[in-house]
Amino acid sequence: MKITPLGDTLGAQVDNVDLSQLSEAEFAALYQAFLRYKVLFFREQPLSTDDHVALAKRFGELEPPHPFFPHLPDNDQVVVIETSRGNPPSQSYWHTDMTWQAVPPKCSVLHAQYVPEHGGDTIWCDMAAVWADLTEEEKTELRQLDTIHALHAFEGSRYDHQDADGQSVVTKRAQDYPPIRRAMVQTHPETGQEVLFINEQFTRAIAEWPEADSQQRLATLFSQARQSKYHVRFRWQKHSVAIWDNRATQHYAVTDYGDTPRRLHRVTVQGERVSNT
């Protein structure tokens, strides 16, 4: 197994390995790389659905079925992310998966079934590195703050439809996920790194701050995280795999391919309750 770092703190490509037949020693090395580089990339991994699920289970217990996204008919823990002719992708946002639920996921394993010849990359951002570059004065301030995370951008999207009563299915299901208050700064439960745990899609406000001040401060922090020095960009190919640490990253799907067919399968691993700094 060969692990090639792609950046100083974020991203590594892993070669000479078969993800469907990892030995214990190989997985142990892979897991340490996962913690070190936060997102790992693999090429030419023609995993079956069972292989994909089994690989994700080595990282921990799987998330229950996603409340909004479609899934495989024979396995509701495998989310289908698909673009087809006449069905282009929805608007994309920088996000950390599912921070609107009480315990966000630990990680995800994303497997490309087929992708456009050009476009459709995904970009990840190292939110521990963003945090590390803030001034000590900023860190002291932000450690004292809580943020509000809430559902956003699913209502009216291609994942929504009306039920028999003419009501939005997403709106009704969203009632099961009220806004969550959590510390802006989190301590990673395994590495001990401090992480600026905010994201553009689901972090809606700084708790107990006036709306204008809250939005201005978040916008400044989001702008910091958009700097390319914190990023790694991955160009998908058929049977590529990405595994990322949801506790320390944001990511962004580049929607520059129109309605060219694209299909990926995602299996997500449950997170742990993390300690607030």
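The structure under discussion appears in the preceding block.
Residues numbered from 1 in each chain as written. Predicted model: local features only at pLDDT ≥ 70, side-chain atom pairs only at ≥ 80, totals over all residues. Heavy atoms only, no water.

A. Seen up close, the nonpolar core. With 29 residues, the main nonpolar core has Leu 40, Phe 42 and Phe 59 as its most contacted residues. When residues of this core are traced back to their parent elements, those giving at least two are strand 2 (12-15), helix 1 (24-37), strand 3 (39-42), helix 2 (49-57), strand 5 (75-83), strand 6 (107-114), strand 14 (241-245) and strand 16 (262-269). Broken down by element, the residue count for this core peaks at seven residues, all from helix 1. Those residues in contact with Phe 59 that lie beyond four places of it in its chain are Phe 27, Tyr 31, Phe 34, Lys 106, Cys 107, Ile 243 and Val 269. The next biggest cluster of nonpolar side chains, apart from the first, holds 25 residues, and it includes Trp 94, Ile 123, Leu 134 and Leu 221. (Core = buried A, V, L, I, M, F, W, Y, C linked by side-chain atoms within 4.5 Å. Buried < 20%, exposed > 50% of the residue type's maximum accessible area, 1.4 Å probe, protein only. Helix = DSSP H or I, 4+ residues; strand = E, 2+ residues; numbered from the N terminus. Contact = heavy atoms within 4.5 Å.)

B. Examining empty space enclosed by the protein more closely. Tallied over the full model, the rule gives two cavities of 30 Å³ or more. For the second largest cavity, the full set of lining residues is Leu 62, Glu 63, Pro 64, Pro 65, His 66, Asp 76, Gln 77, Val 79, Met 98, Arg 266, Val 267 and Thr 268. Counting residues per element, the ones that place at least two in the lining of the second largest cavity are strand 5 and strand 16. Here the lining of the second largest cavity is built from residues that sort into six nonpolar, three polar and three charged. (1 Å grid on protein atoms, 1.4 Å probe; cavity = no way out; pocket = protein on both sides within 12 Å on 5 of 7 lines; lining within 4 Å. Points joined across faces, edges and corners; volume = space filled by probe spheres on them. Nonpolar A, V, L, I, M, F, W, Y, C, P; charged D, E, K, R; others polar.)

C. Highlighting the pattern of salt bridges. Within this structure, the stated rule accounts for 17 salt bridges. One salt bridge in this structure joins Asp 126 and Lys 38, with 3.5 Å as the shortest N-O distance. Of this pair, Asp 126 sits in strand 7 (residues 122-126) while Lys 38 sits in the loop between helix 1 and strand 3, and the two are 88 residues apart along the sequence. Taking the shortest distance from any N to any O, the salt bridge between Asp 121 and Arg 233 comes out at 2.8 Å. Of the two residues, Asp 121 sits in the loop between strand 6 and strand 7 while Arg 233 sits in strand 13 (residues 231-234), which places them 112 residues apart along the sequence. We classify Arg 233 as partly exposed; its relative accessible area is 48%. Counted as one network, the salt bridges with shared partners bring together Glu 190, Asp 245, Arg 247 and Glu 272. (Salt bridge = Lys/Arg side-chain N within 4 Å of Asp/Glu carboxyl O.)

D. Broad picture of the environment of Pro 261. Here Pro 261 lies in the loop between strand 15 (249-253) and strand 16. Put simply, Pro 261 and Glu 117 are 144 residues apart on the chain and 9.9 Å apart in space, counted from C-alpha to C-alpha. The contacts of Pro 261, once residues within four sequence positions are left out, are Thr 83, Ser 84, Arg 85, Tyr 114, Val 115 and Pro 116.

E. Quick peek at the side chain of Lys 106. Structurally, Lys 106 can be placed in the loop between strand 5 and strand 6. Within the buried core, Lys 106 has no salt-bridge partner, and the shortest N-O distance to an opposite charge, that of Glu 190, equals 4.0 Å. Residues contacting Lys 106, with those up to four places away along its chain left out, are Tyr 31, Phe 34, Phe 59, Glu 190, Trp 244, Asp 245, Asn 246, Arg 247, Val 269, Gln 270, Gly 271 and Glu 272. (Lys, Arg positive; Asp, Glu negative; His and termini not counted.)

F. Representation of helix 6 (residues 211-225). End to end, helix 6 covers 21 Å across 15 residues, agreeing with the expected 21 Å (1.5 Å per residue, within 8%). All buried positions along helix 6 are accounted for by Ser 214, Arg 217, Leu 218, Leu 221, Phe 222 and Ala 225. Projection of helix 6 onto a plane perpendicular to its axis shows the buried side chains occupying an angular sector of 135°, all on one side. In helix 6, the exposed positions angled more than 90 degrees off the buried face are occupied by Ala 212 and Gln 216. (Expected span 1.5 Å × (residues − 1). Arc of directions from axis to C-beta.)

G. Structural context of the sheet that holds strand 3. Here we have eight strands laid out as an open sheet, ordered 1-2-3-14-6-16-5-4, and mixed in their pairing. Single-partner strands in this sheet number two, and they are strand 1 (2-5) and strand 4 (71-72). The pairing of strand 4 with strand 5 spans two bridges and is antiparallel. Looking at strand 5, one finds that His 71 is bridged to Val 79. Along the sheet face, helix 1 touches strand 1, strand 2, strand 3, strand 6 and strand 14 and points at about 125° away from the line of strand 3. Those strands touched by helix 2 are strand 4, strand 5, strand 6, strand 14 and strand 16, and its axis lies near 35° from that of strand 16. (Pairing = 2+ DSSP bridges. Axes fitted to C-alpha atoms, helices over the stretch in contact; angles between N-to-C directions.)

H. Region of the structure containing the packing of aromatic side chains. Tallying each qualifying case throughout the model produces 14 aromatic pairs. On the numbers, 5.4 Å between centres and 45° between planes, the contact of Tyr 31 with Phe 34 is tilted. Within this pair, Tyr 31 and its partner Phe 34 are both found in helix 1, separated by three residues, close to a single helical turn. The exposure class of Tyr 31 is buried, given its relative accessible area of 12%. (Phe/Tyr/Trp six-rings, centres within 6.5 Å; stacked < 30°, edge-to-face > 60°.)

I. Representation of the sheet that holds strand 13 in the model. Read from one edge to the other, the open sheet built from three strands follows the order 13-7-15, with strand pairing classed as antiparallel. Since the sheet does not close on itself, it has two edges, and those belong to strand 13 and strand 15, each with one partner. Within this sheet the neighbouring strands show an average axis-to-axis angle of 20°, counted without direction. Pairing analysis gives four bridges linking strand 7 to strand 13, with the strands arranged antiparallel. Across the sheet, the residue bridging to Ile 123 is Arg 233, located in strand 13.

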